[in-house]
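# Architecture at a glance
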Amino acid sequence: MQDHIVEIKDVSKTFVTNSGSLELFTDVNINFSSSTSYALIGESGVGKSTLLHIASGLEKPSTGEVLFGKQNFWDLKPSNQALLRLNETAIIFQQYNLIPCLSVKENIEFQSRINKKHNNEYIKAIIDDLQIARLLEEWPENLSGGEQQRVAIARALAAQPKILFADEPTGSLDERNSKIVLDMLLNINRKYNTSLVVITHSIAIASKLEVCLELKSKKISKK
């Protein structure tokens, strides 16, 4: 029997707008297993990023449960929620979310130092693979969008999470660098048994991952 890193059980999400309630999705059930890679596809606006934020413990569902192991995440104390997110998850955000007052090197090392998983050789290999060694002393504001994306990816990988969430991780990259990043994510997935969840609009990228999930008409289904 496979271990589930994260289980989403009967999850729904509704927002209140000026024109009334907006239900993004309802009764979503997903088991994210260790060592497995997942693609999450769907048209713009269906709630893929919201679902990723719920799965990673950043956003509370309107109904349903999010289980890390056997623990309902939202039943935990806020301090325990923060520790769980820090030690077991990492996220590559669409907006990068680099810390402006830290250098590139400090950004990359940030989470790995806090969760005590810092490994110089491992981080150096990530930096070399992403070809960002020349950027280490730069400030985020001096980087292009593609460079910021690669730094954000390096930061997430450096934390050595049990489950890695990535929201369009190749969205700002050209074809060559997209392949480098995808290969690296899949290598981390296989080498460290890290569960990988990738939001993508690319069918080519989705086809490289083991499980393809589609969010459509407020429901989730396997492709």
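Refer to the structure presented above.
Model, not experiment: these values are computed from the prediction. (Residues numbered from 1 in each chain as written. Predicted model: local features only at pLDDT ≥ 70, side-chain atom pairs only at ≥ 80, totals over all residues. Heavy atoms only, no water.)

### Some words on the sheet that holds strand E6 (residues 89-92)
Condition: Strand pairing is defined by DSSP finding a minimum of two bridges between the two strands. Secondary structure is summarised from DSSP: a helix means a run of H or I of at least four residues, a strand means a run of E of at least two, and numbering begins at the N terminus for each. Orientation is described by lines fitted to C-alpha atoms, with helices fitted over the stretch in contact, and by angles between N-to-C directions that extend from 0 to 180 degrees. We call two residues in contact when some of their heavy atoms are within 4.5 Å.
Across the sheet, which stays open at both edges, the six strands sit in the order E6-E7-E8-E3-E9-E10 with mixed pairing between neighbours. The strands lining the two open edges of the sheet, one partner per strand, are E6 and strand E10 (219-222). When strand polarity is set aside, the average angle formed by the axes of neighbouring strands in this sheet is 20°. Note that strand E3 (residues 37-41) and strand E8 (residues 195-199) share four bridges and pair parallel. Across the sheet, the residue bridging to Ala39 is Val198, located in E8. Each of E3, E6, strand E7 (163-167) and E8 is contacted by helix H6 (residues 175-191), which is oriented at about 155° to E8, the strand it contacts most.

### Topic: the packing of aromatic side chains
Keep this limit in mind: Between 30 and 60 degrees the pair is tilted, below 30 it is stacked and above 60 it is edge-to-face, where a pair is any two Phe, Tyr or Trp rings, Trp via its six-membered ring, whose centres lie within 6.5 Å. Throughout this description, buried means an accessible area under 20% of the type-specific maximum (1.4 Å probe, protein chains only), exposed means over 50%, and partly exposed covers the range between.
Under the criterion given, the structure shown has five aromatic pairs. For the ring pair Phe32 and Tyr38, a centre distance of 5.0 Å and an interplane angle of 85° mean the geometry is edge-to-face. Residue Phe32 is classed as buried on the basis of its relative accessible area, which comes to 4%. Taking 6.5 Å as the distance between ring centres and 85° as the angle between the ring planes, the aromatic pair formed by Phe32 and Phe165 counts as edge-to-face. A residue pair is termed long-range when its members are at least 10 positions apart, and Phe32 in strand E2 (residues 20-33) and Phe165 in strand E7 qualify at 133 residues. Residue classification places Phe165 among the buried residues on the basis of a relative accessible area of 0%.

### What about unusual backbone geometry?
Phi at Lys116 is positive, roughly 60°, even though this residue is not glycine. Along the chain, Lys116 turns up in the loop between helix H3 (104-114) and helix H4 (120-130). Classification of Lys116 by relative accessible area gives exposed; the value is 73%. Unlike most non-glycine residues, Glu168 shows phi in positive territory, near 50°. With respect to the helices and strands, Glu168 occurs in the loop between E7 and H6. On the accessibility criterion, Glu168 (10% relative accessible area) is buried.

### Examining the sheet that holds strand E5 (residues 71-72)
Pairing within the open sheet is antiparallel, and its four strands lie in the order E2-E1-E4-E5. Two strands in the sheet have a free side with no partner beyond their single neighbour: E2 and E5. With 10 bridges joining them, strand E1 (residues 4-17) and E2 adopt antiparallel strand pairing. Within E2, the residue paired with Phe15 across the bridge is Leu22.

### Re the nonpolar core
Condition: In this text, buried Ala, Val, Leu, Ile, Met, Phe, Trp, Tyr and Cys residues form a nonpolar core when linked through side-chain atoms within 4.5 Å.
Counting residues in each nonpolar core, the largest one holds 40 residues, and the members touching the most others are Ile108, Leu130, Ile132, Leu157 and Leu164. If you tally residues by element for this core, the top one is helix H5 (residues 145-158), at seven residues. When residues no more than four places from it in sequence are discounted, the contact partners of Leu164 are Ala90, Ile91, Ile92, Ala156, Leu157, Leu185, Thr194, Ser195, Leu196 and Val197. If you look at the next biggest cluster of nonpolar residues, it comprises 31 residues, including Val6, Leu51, Ile91 and Ile163.

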